[in-house]
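Chain by chain, the residues run as shown.
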Amino acid sequence: MKEIAKLKQLPPVYTGKWASATDEEVQEELEKGTPYTYRFRVPKEGSLKINDLIRDEVVMKVSWNLDTLGDFVIMRSNGQPVYNFCVTVDDATMAISHVIRAEEHLPNTLRQALLYKALGFAMPTFAHVSLILAPDRSKLSKRHGATSVGQFKEMGFLPQAMVNYLALLGWGDGTENEFFTLESLVEKFSIDRVNKGGAIFDSTKLRWMNGQHLRSLPSEELNKLIGERWKSSGILTVSDGPYVEEAVALLKDGIDLITDSDKALSNLLSYPLWATLTSPEGKHVLEDKLSEVSSSLLAAYDGGELLQALEEGPAGWQRWVKSFGKTLKRKGKSLFMPLRVLLTGKLHGPDMGASVLLLHKAGSYGIVAPQVGFVTLEDRFKMLREVEWEALNKDESLLESAAPASN
């Protein structure tokens, strides 16, 4: 049967061989022990109309089914009823009013509609949603990335962000708004605004949306989520407290996924001074008399001025920076860029004052796990003392020999 259908370029259908068999022929096969199935006899003519909330009226003419459907099995030879028969009876007996599912189920809907009609059940309202597509417009599959809710959770996505994003795949409220809480979705969602066309799954957009939801969480909830993450991933030895709260407040704008917080904090605690000084972008800072700023900074550290300012918090830091700039006759970028490089080892990053205060506290509190590779302020100043500034400024060929030993 399948071979003949293939030759005719038609889907394999039951030819109806036993549909008109006599009672004697059937009895003869039963006595032989021949396996048999129960089939639904599809009407030979007429049409069947199914009202679809998304696709308007889907008209399926039964007269086509001799070529495309045929009498279909409702009970297998082992006595087990098939899906289409089971789901029809189950939905009808539970008084299901709406059946919303993927467009892939349209062929099943035809079979189920025939069963509803034959059994005298009230037909539910159907809605066939378009498939979610990959960026290449193929059907989304494992080869395109995560496919289960559990995988997305492990990657750091929030439930509310997933719901928000999935709701927008083929639906909108008619405005430019894309951020919805579950409550607002319940209030605004209407199936008549669901599109017929397939929607592209954009992982970049999902990441952005997760960041929006993450940063909209109440501070207590956000601190708890990220604090527990830092402890479980082995960066910190605590999951709550003032340090966690201040670190989350400083770093949250650069965190879209909960898992991003690991990199954000590890980056804050690192001190890639040498890589920065020898980079093309770092060369401009180096040439702006960075060695003189370093000498003054070391003097401020040795004299206790800097540490005293850090102990006083943000206000103390601001006073010290202002005084330090006046001493060097620097302000703005010419002051803050060399200070950032010398204290954080980086050219860019979150607010420098808040960063340095957190570095000071991390060293004082002793809450950073040993394996993280945290470079304390004390060790940073040791490294600054070992930098051979003349070699760095004089000849690039001497850069390697000028590299300080890293602890």
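Shown above is the structure to which this text applies.
Residues numbered from 1 in each chain as written. Predicted model: local features only at pLDDT ≥ 70, side-chain atom pairs only at ≥ 80, totals over all residues. Heavy atoms only, no water.

Novice: What should I look at first to understand the packing of helix H15 (residues 290-302) against helix H17 (residues 314-328) in this one?
Specialist: When two helices pack together, you describe them by how their axes are tilted relative to each other and by the distance separating the axes. The contact between H15 and H17 brings their axes to 11 Å, and the two run at 135 degrees. Regarding the angle of H15 to H17, the classification is oblique. Note that H15 runs across H17; the crossing there is right-handed. In this structure, H15 uses Val-293, Ser-296, Leu-297 and Ala-300 to contact H17, whose residues at the interface are Trp-320, Phe-324 and Leu-328. Residues of the contact of H15 with H17, tallied by class, amount to six nonpolar, one polar and no charged. (Axes fitted to C-alpha atoms, helices over the stretch in contact; angles between N-to-C directions. Helix = DSSP H or I, 4+ residues; strand = E, 2+ residues; numbered from the N terminus. Parallel < 35°, antiparallel > 145°, perpendicular 65-115°, else oblique. Left-handed = near helix turned anticlockwise from the far one by under 90°. Contact = heavy atoms within 4.5 Å. Nonpolar A, V, L, I, M, F, W, Y, C, P; charged D, E, K, R; others polar.)

Novice: Would you mind going over helix H20 (residues 377-386) with me for this structure?
Specialist: Because each turn of an α-helix spans 3.6 residues, side chains separated by three or four positions end up pointing in the same direction. Of the positions making up H20, those classed as buried are Leu-377, Arg-380, Phe-381, Met-383 and Leu-384. Buried residues of H20 fall within an arc of 155 degrees about the axis and therefore sit on the same side. (Buried < 20%, exposed > 50% of the residue type's maximum accessible area, 1.4 Å probe, protein only. Arc of directions from axis to C-beta.)

Novice: What is the right way to look at unusual backbone geometry in this model?
Specialist: When glycine is set aside, most residues are seen to have a negative phi, and most peptide bonds are trans. Positive phi is not limited to glycine here, since Ala-95 has a value of about 60 degrees. If you trace the backbone, Ala-95 turns up in the loop between helix H4 (83-93) and strand E5 (98-102). Positive phi is not limited to glycine here, since Lys-329 has a value of about 55 degrees. Counting through the fold element by element, Lys-329 comes out in the loop between H17 and helix H18 (333-344).

Novice: Got a minute to help me understand a nonpolar patch on the surface in this structure?
Specialist: On the surface, Trp-18, Val-26, Leu-30, Tyr-36 and Tyr-38 cluster together into a nonpolar patch covering about 500 Å² of accessible area. Locating Tyr-38 in the fold gives a position in strand E1 (residues 38-40). Judged by its relative accessible area of 47%, Tyr-38 is partly exposed. (Patch = residues over 30% accessible without salt bridge, like charges linked within 9 Å, V, L, I, M, F, W, Y side chains within 5 Å. Areas by Shrake-Rupley, 256 points an atom, 1.4 Å probe, with all protein chains shown as cover. Salt bridge = Lys/Arg side-chain N within 4 Å of Asp/Glu carboxyl O.)

Novice: What exactly am I supposed to notice about the packing of aromatic side chains here?
Specialist: Aromatic ring pairs: the centre-centre distance and the angle between the two ring planes describe each pair. Per the counting criterion, the structure on display carries twelve aromatic pairs. Relative to Phe-189, the ring of Trp-171 has its centre 5.3 Å away and its plane inclined at 35 degrees; by these criteria the two rings are tilted. Pair noted here: Trp-171 is in the loop between helix H7 (159-167) and helix H8 (182-188) and Phe-189 is in the loop between H8 and strand E8 (199-200), with a separation of 18 residues, a long-range link. By way of ring pairs, the aromatic residues Phe-152, Phe-157, Tyr-165 and Phe-201 are connected into one cluster. The ring of Phe-72 carries the charged tip of Arg-111 above its face, separated from the ring centre by 5.8 Å. (Phe/Tyr/Trp six-rings, centres within 6.5 Å; stacked < 30°, edge-to-face > 60°. Lys NZ or Arg CZ within 6 Å of the ring centre and 35° of its normal.)

Remember, this is a structural readout, not a statement about activity or role.
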